[in-house]
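# An overview of the molecular structure
This is what each chain is made of:
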Amino acid sequence: MEASVTLKNVSKHFKKKYVLSNITLGIEKGSVFAIVGRDGAGKSTLLRIISILLNPDKGTIYINDKDISSQRSEIKKTIGYLPDHDIHDLWLTGWENLKLRARLLNIQDGEFEDRLNPLIKEFEMESELKNYPVTYSRGIKRRLDLIQVLMGDPEVLILDEPILGMDYHARIILLRYLLKEKGKKTIIIASNEFTEIQTIADRWIVLHNGKIKFDGTIEKMLSHVKIPFTGNIEVKSGRYDIIQTLRNNKNIKEIRDFGRTIQITTDGLKEFCHILENVDADSIIGFSGHSVQIEEFLDQLISDEGY
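About the criteria used
- Residues numbered from 1 in each chain as written.
- Predicted model: local features only at pLDDT ≥ 70, side-chain atom pairs only at ≥ 80, totals over all residues.
- Heavy atoms only, no water.
- Buried < 20%, exposed > 50% of the residue type's maximum accessible area, 1.4 Å probe, protein only.
- Helix = DSSP H or I, 4+ residues; strand = E, 2+ residues; numbered from the N terminus.
- Arc of directions from axis to C-beta.
- Contact = heavy atoms within 4.5 Å.
- Core = buried A, V, L, I, M, F, W, Y, C linked by side-chain atoms within 4.5 Å.
- 1 Å grid on protein atoms, 1.4 Å probe; cavity = no way out; pocket = protein on both sides within 12 Å on 5 of 7 lines; lining within 4 Å.
- Points joined across faces, edges and corners; volume = space filled by probe spheres on them.
- Nonpolar A, V, L, I, M, F, W, Y, C, P; charged D, E, K, R; others polar.
- Lys, Arg positive; Asp, Glu negative; His and termini not counted.
- Salt bridge = Lys/Arg side-chain N within 4 Å of Asp/Glu carboxyl O.
- Axes fitted to C-alpha atoms, helices over the stretch in contact; angles between N-to-C directions.
- Parallel < 35°, antiparallel > 145°, perpendicular 65-115°, else oblique.
- Left-handed = near helix turned anticlockwise from the far one by under 90°.
- Patch = residues over 30% accessible without salt bridge, like charges linked within 9 Å, V, L, I, M, F, W, Y side chains within 5 Å.
- Areas by Shrake-Rupley, 256 points an atom, 1.4 Å probe, with all protein chains shown as cover.

Before going further, it helps to examine helix H3 (residues 94-104). The complete set of buried residues in H3 reads Gly94, Asn97, Leu98, Arg101 and Ala102. Angularly, the buried residues of H3 cover 140° about the axis, an arc narrow enough to put them on a single face. As for H3, its buried residues are in contact with helix H4 (109-122) and helix H5 (138-150). Count one or two residues on from H3 and you reach Asn106, which has phi positive near 60°.

Pasting the structure below:
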């Protein structure tokens, strides 16, 4: 497929320390590309370089086959970048912030509302824009900033920790939008919110000490790293024989007894489901679960001798 963003041997250092070292990659047009890594791994620096806000010390970057060093102003119009910090003015209303951004993007008054209204509705901001962001929750502030970035209808959308501080409802709104735009825009996301990102990303890289530690799909990732699954099984009163049966199951890595709730950890979701199939359904009230946290995943991946 055609590449939307291409980096060739890109490096960046600060005070003689390399933050990025010889990064080469291509990002397919219309794909969702995820970047994960610990704090200080180089994620934000990489996004700022792709966004043309920071120059690399070495290497070449192409956006839609155009070299950013020679066609900077033209390319910048096609990029929307949301940093990991606020980009609004706390002491202007939501509407005033959006009008200010429209002027910066050269959006004429005649097209302002036509371009803006669908975004306001999609991000459920109708009742908030008359207020000042200083009164907003973190999630509402983030949605205001997203609308500011999206007003320019960018071809390449670059998001640094977009769901940081968002509540569940705000996250659903954003993920719904990203799924709708998948295939239309090239979306690059840096985030350590593993559970949400794994549902929409086509491809991943893991940065570690400024270098790419892993590059591939979630299927490739799972072939190299086992991602444990922790599940809670709520049982009916009096069915304490179930925990003894589960203790004898060799596929369970860890088991905890919380009375009527039994928590088990397996090698993955598939193994958890298999165990659940062998438990008497009439004795279960319900169950829930979650995958490994990002830190545990990175520990496994980075320590993998194959990488």
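Structure's up, so let's keep going.
Counting 40 residues, the largest nonpolar core has Phe123, Met125, Met151 and Leu178 as its most contacted members. Elements represented by at least two residues in this core include exactly strand S3 (32-36), H3, H4, H5, strand S7 (156-160), helix H6 (168-181), strand S8 (186-190) and strand S9 (203-208). Among residues more than four places away in sequence, those in contact with Phe123 are Arg143, Leu146, Ile147, Leu150, Ile173, Leu174 and Tyr177. Formed by 28 residues, the second largest nonpolar core is a distinct cluster that contains Ile27, Leu47, Ile49 and Leu54.

Our focus in this paragraph is the layout of surface pockets. For the largest pocket, the calculated volume is near 640 Å³. If you go around the largest pocket, you meet 22 residues; those closest to its centre are Lys76, Ile79, Gly80, Arg101 and Leu105. Put simply, the parts of the chain that give the lining of the largest pocket at least two residues each are helix H2 (72-76), strand S6 (79-82), H3 and H5. Taken together, the residues of the lining of the largest pocket sort by class into 10 nonpolar, 7 polar and 5 charged.

Another aspect to go through is the side chain of Glu161. Tracing the backbone through its elements, the reader meets Glu161 in the loop between S7 and H6. No salt bridge is formed by the buried Glu161, whose closest oppositely charged neighbour, Lys43, lies at an N-O distance of 4.9 Å. With residues up to four places along the chain from it excluded, the contact list for Glu161 reads Lys43, Asp84, Arg142, Ala190, Ser191 and Asn192.

Our next topic: the side chain of Thr265. Considering the arrangement of structural elements, one finds Thr265 in strand S13 (residues 261-266). For Thr265, a relative accessible area of 13% translates into the label buried. When near neighbours in sequence (up to four residues on either side) are disregarded, Thr265 contacts Pro228, Phe229, Thr230, Ile252, Lys253 and Glu254.

One can describe the packing of H3 onto H5 by two numbers: an axis separation of 10 Å at closest approach and a directional angle of 25°. Classified by the angle between their axes, H3 and H5 sit roughly parallel to one another. Judged by the sense of rotation from one axis to the other, the crossing of H3 with H5 is right-handed. Counting all contacts with H3, which are made through Gly94, Asn97, Leu98 and Arg101, the residues of H5 involved are Leu144, Ile147, Gln148 and Val149.

A separate point is a nonpolar patch on the surface. A cluster of nonpolar side chains, contributed by Leu90, Trp91, Tyr132 and Val134, occupies part of the molecular surface with about 400 Å² of accessible area. The topology assignment puts Trp91 in the loop between S6 and H3. Look at Trp91 and you get exposed, because its relative accessible area is 62%.

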